[in-house]
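# A closer look at the structure
Listed below, chain by chain, are the residues.
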Amino acid sequence: MSQEASWLLPEEGWVRESRVREFEAFVASHRERAVGLAYRLLGGDGGAAEDVAQEAFVRAHRALPGFRGEAKMSTWFHRILVNEVRRHRRWRWVRARRDVPMPEEVEDPKARGDGDPTLRRRISEALDQLSRGQREAFVLVHLEGFRVDEAAAIMGRATGTAKSHLHRALVALRTKLRDLDPGEEADSR
Amino acid sequence: MTKEERDGERLSPRDAQFVQRVAEGFAPPPRSEARQQAFRRILEERLRRPSTTGVGLPALAGALAMALAAFVLLRAAPPAPTQSEPSEPLERVEAMEIPSDGVLPEELLVGVGVRDDAETLPDDYAAIDGVLLGS
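This report concerns the structure included in the present document. Numbering of residues starts from 1 in each chain and follows the order in which that chain's sequence is written. Both sets of labels track the order of writing: A upward for chains, 1 upward for ligands. Reporting of local features is limited, given that this is a predicted model, to residues whose pLDDT is at least 70; pairs of side-chain atoms are given and counted only at 80 or more, and all residues count toward the totals for whole chains, interfaces and linings. As a rule here, side-chain values come from all non-hydrogen atoms in the structure, and water together with hydrogens is ignored.

It is worth spelling out the overall build of chain B at this point. Regarding its fold elements, chain B presents eight helices and zero strands. In chain B, buried positions account for 15% of the 135 residues. Only DSSP runs of H or I covering at least 4 residues are called helices, and only runs of E covering at least 2 are called strands; the numbering of each starts at the N terminus. Each residue is placed in one exposure class: buried if its accessible area under a 1.4 Å probe, protein chains only, is under 20% of its type's maximum, exposed if it is over 50%, and partly exposed if it falls in between.

See below:
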């Protein structure tokens, strides 16, 4: 990371060096994960996920002097990222309401992956029908592996509220994606 | 269903398997190396760029505040003493004699002389200058 790291220091001499180093290491190790989380929270829009992740890193960099280390840098950054996702979804919602055509998503043909595109779209639609809190709680805890209290801090909610969202999200998704439920498979046999 | 399972902190084996399937079915597609490098390059450029909102606005606000403070201080300060001619001593002014008919001596009318005005009059008026002034 040291080769990548030196680019922040000349501009930000007033930020303590250790914090800047920590942020640089964080950016290097969390770039791909941030894009992945944004991808899942944005319903599988790869281009938007990259834009949102970029914006979150830039905002976090600007806010770095105010970061006092009271929370983990991961929690602090992911809260910024989730806020950027919310902002993007609001923007997308407003554009859709005004019938403004959305910009075409530029898909990398080599990056389609091996997954089933139909299943991916169905999961995306099912997640989209959840409330914001349910969607965020489910993605953060079950798909990204955050603890419930970490997810609650990222969402800016009480832990109990996050648990409630999580439970309801699971119930709703099991209903919508019945064919993925192993219990349903057993019942139908 | 246990309390932990109800709270979502621990999943039942059935729920765990369901979540696993959702996670696999909705995994972000792997990004190509070129795309990752482009993302990294753009991000580094943006992070290197100096922030205009973070530093520029406080600096501008500070400069405005200093200018305002300087303006207020200059207005409130007493006028600085200047090197002007000493004023006429009061005793001397009082000692000056004013004619009893109220006509001021000519030396007090410097700069408002009648002749200067007459020189600027048109010829027609200059011709009757003497009549108007009774000379």
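This part covers the packing of helix α3 (residues 46-63) of chain A against helix α4 (residues 73-97) of chain A. Residue and element names in this part refer to chain A. Where α3 contacts α4, the axes come no closer than 9 Å and their chain directions differ by 130 degrees. By the angle class used here, α3 and α4 are oblique. Crossing angle aside, the handedness with which α3 passes α4 is right-handed. In this structure, α3 contributes Ala-48, Val-52, Ala-53, Glu-55, Ala-56, Phe-57, Arg-59, Ala-60 and Ala-63 to the contact, and α4 contributes Trp-76, Phe-77, Ile-80, Leu-81, Glu-84, Val-85, Arg-87 and His-88. The residue inventory of the contact of α3 with α4, partitioned by class, reads twelve nonpolar, one polar and four charged. Axis geometry follows a simple rule: fit a line to the C-alpha atoms, using only the stretch in contact for helices, then measure angles between N-to-C directions, giving values from 0 to 180 degrees. Any angle that falls under 35 degrees is termed roughly parallel, while one over 145 is termed roughly antiparallel, one within 65 to 115 roughly perpendicular, and all others oblique. Crossings are classed by handedness, with left-handed meaning an anticlockwise turn of the near helix from the far one by less than a right angle and right-handed meaning a clockwise turn. Contacts: residue pairs with any heavy atoms within 4.5 Å of one another. Side-chain classes are defined by residue name, with Ala, Val, Leu, Ile, Met, Phe, Trp, Tyr, Cys and Pro counting as nonpolar, Asp, Glu, Lys and Arg as charged, and the others, Gly among them, as polar.

Quick look at the environment of Arg-122 of chain A now. All names here are of chain A. With respect to the helices and strands, Arg-122 occurs in helix α5 (residues 117-128). For Arg-122, a relative accessible area of 30% gives the class partly exposed. As a C-alpha pair, Arg-122 and Lys-176 span 54 residues in sequence and 8.9 Å in three-dimensional space. Excluding residues that lie within four positions of it along the chain, Arg-122 makes contacts with Lys-176, Leu-177 and Asp-179.

In this section: a nonpolar patch on the surface. Residues with no salt bridge and a relative accessible area higher than 30% make up the patches, which join like charges within 9 Å and nonpolar side chains (Val, Leu, Ile, Met, Phe, Trp, Tyr) within 5 Å. Computed with the Shrake-Rupley method and a 1.4 Å probe, the accessible areas treat only the protein chains shown as cover for residues. The rule for a salt bridge is simple: a side-chain nitrogen of Lys or Arg has to be within 4 Å of a carboxyl oxygen of Asp or Glu. A cluster of nonpolar side chains, contributed by Leu-68, Phe-71 and Val-72 of chain B, occupies part of the molecular surface with about 310 Å² of accessible area. Using a relative accessible area of 49% as the deciding quantity, one classes Phe-71 of chain B as partly exposed.

Quick look at the nonpolar core now. One broad rule of soluble globular proteins: the nonpolar side chains tend to lie buried together. Nonpolar core, defined: a set of buried Ala, Val, Leu, Ile, Met, Phe, Trp, Tyr and Cys residues in which side-chain atoms within 4.5 Å join the residues together. Trp-76, Phe-77 and Phe-138 of chain A are the most contacted members of the largest nonpolar core, which totals 61 residues. In terms of residue count, helix α2 (residues 17-41) of chain A provides more of this core than any other element does, ten residues in total. Discounting residues that sit within four places of it in the chain, Phe-138 of chain A has contacts with Leu-127, Leu-143, Leu-166, Ala-169, Leu-170 and Leu-173 of chain A together with Val-19 and Val-22 of chain B.

Working definition: a ring pair exists when centres of Phe, Tyr or Trp rings (six-membered ring for Trp) sit within 6.5 Å. Plane angles under 30 degrees give stacked, over 60 give edge-to-face, the rest tilted. Throughout the structure, instances matching the rule amount to four aromatic pairs over all chains. Ring centres of Phe-57 of chain A and Phe-77 of chain A lie 4.5 Å apart, and the angle between their planes is 20 degrees; on these two criteria the pair is classed as stacked. Highlighted residues: Phe-57 of chain A in helix α3 and Phe-77 of chain A in helix α4, separated in sequence by 20 residues. For Phe-57 of chain A, a relative accessible area of 0% puts it in the buried group. An aromatic cluster is built from Phe-26, Phe-57 and Phe-77 of chain A, whose rings are joined through pairwise contacts. Remark: a charge is flagged as sitting over a ring if the NZ atom of Lys or the CZ atom of Arg is within 6 Å of the ring centre and within 35 degrees of the ring normal. A cation over an aromatic ring shows up here: Arg-31 of chain B above the ring of Phe-39 of chain B, its NZ or CZ 5.0 Å from the ring centre.

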